[in-house]
Amino acid sequence: MKLYSAPNTCSLSPHIVLRELDLPFELVMVDNRTKRTSNGGDFRAINPKGYVAALQLDNGEVLTEGPAIVQYLADLRPEAALAPVSGSWQRVRLQEMLNYIGTEIHAGASPLFNAAIPDEVKAIFRERLFRRFGEIESTLATQDHLLGPLFGVADAYLYTVLLWMELFAIDIGRWPAIAAYMARIAASCGAGGTPGGAGGGDPDLGRDDRMLFHARQDHLTKHAGWRNPLIVSPVIA
Ligand SMILES: N[C@@H](CCC(=O)N[C@@H](CS)C(=O)NCC(=O)O)C(=O)O
């Protein structure tokens, strides 16, 4: 399998899930501006939609859309329990949560990346996002993860999109349960393993995870002009 990914984007979510499941994969980085891949290819030939994440299977099939990718991956290793069993009511709850993150948080945050949207309009989107954070705060005040006590694919997705709040100077500390949740996940990543702790002790994995989770500032400095073309286009959620 190949995961097509770009720094500081939603593709971190399937990357976390791949690490957590300890599945073999090749990471191919995409320059979102030029659509060139780190292995010298044209990313649009892989995913005509032109955005990450994309997962290319060994049979050549390409799967896109983060919520679909993470569920596909989780089902490859059901024993890891990163997603409830397909067909179960709990699985429907997971789909409800993934859709909520995708449409309310991920897409809800998108206008904040848009340099063409004036600050007073962005304030409307921020307030809307903050209402969503209030809902998540209530959930995380009573349980460690989104769907119960255990880390799962929805947590990989939420963690990924909440990392962006730093870019918008939104202090996640305003929501103490969310802040504690982010710190717990970051700490388990920083220990050299992945959020649930799998893979700790593997020096390569540790190095890669440190690159993933602790080079965000570095990334921001190097890619100060980075703009996501998808989200730079005027988006009114
Ligand atoms: N609906 C897609 C959205 C993916 C998406 O927004 N990808 C962004 C990064 S977070 C991207 O690569 N944008 C670049 C572009 O559209 O050119 C999903 O949920 O996977």
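Bear in mind that the values here come from a model prediction, so they are computed numbers and not experimental data.

The rules behind the values
Residues numbered from 1 in each chain as written. Predicted model: local features only at pLDDT ≥ 70, side-chain atom pairs only at ≥ 80, totals over all residues. Heavy atoms only, no water. Pairing = 2+ DSSP bridges. Helix = DSSP H or I, 4+ residues; strand = E, 2+ residues; numbered from the N terminus. Axes fitted to C-alpha atoms, helices over the stretch in contact; angles between N-to-C directions. Contact = heavy atoms within 4.5 Å. Salt bridge = Lys/Arg side-chain N within 4 Å of Asp/Glu carboxyl O. Buried < 20%, exposed > 50% of the residue type's maximum accessible area, 1.4 Å probe, protein only.

Draft legend 1. Spotlight on the sheet that holds strand 2 (residues 26-29). Reading across from one edge, 2-1-3-4 is the order of the 4 strands in this open sheet, with mixed pairing throughout. Since the sheet does not close on itself, it has two edges, and those belong to strand 2 and strand 4 (62-64), each with one partner. The sheet shows a mean angle of 25 degrees between the axes of neighbouring strands, taken without regard to direction. Relative to strand 3 (residues 54-56), strand 1 (residues 2-5) runs antiparallel, the two being bridged by 3 bridges. Residue pairing across strands places Tyr 4 opposite Ala 54, the latter belonging to strand 3. The strands touched by helix 3 (residues 66-76) are strand 3 and strand 4; relative to strand 4, the strand with the most contacts, the crossing angle is about 120 degrees.

Draft legend 2. The arrangement of unusual backbone geometry in detail. Cis peptide bonds are those with omega within 30 degrees of zero, and the linkage from Val 52 to Ala 53 qualifies with 5 degrees. Residue placement: Ala 53 occurs in the loop between helix 2 (43-46) and strand 3. Backbone geometry places Lys 35, a non-glycine residue, at a positive phi of 65 degrees. One non-glycine residue, Glu 65, lies in positive phi territory at about 75 degrees.

Draft legend 3. How the structure looks around the pattern of salt bridges. Here the structure, examined in full by the defined rule, presents 9 salt bridges. Salt-bridge contacts for Glu 79 lead to Arg 77; the nearest nitrogen and oxygen are separated by 3.9 Å. Judged by relative accessible area, Glu 79 falls into the exposed class, the value being 63%. Note on Arg 77: relative accessible area 27%, which makes it partly exposed. One salt bridge connects Arg 184 with Asp 144, and the closest N-O pair in it is separated by 4.0 Å. With Arg 184 in helix 7 (residues 176-190) and Asp 144 in the loop between helix 5 (119-140) and helix 6 (153-163), the pair connects residues that are 40 residues apart, well separated along the chain. For Arg 184, a relative accessible area of 35% puts it in the partly exposed group. Through salt bridges with shared partners, a single ionic network connects Glu 104, Arg 128, Arg 132 and Glu 135.

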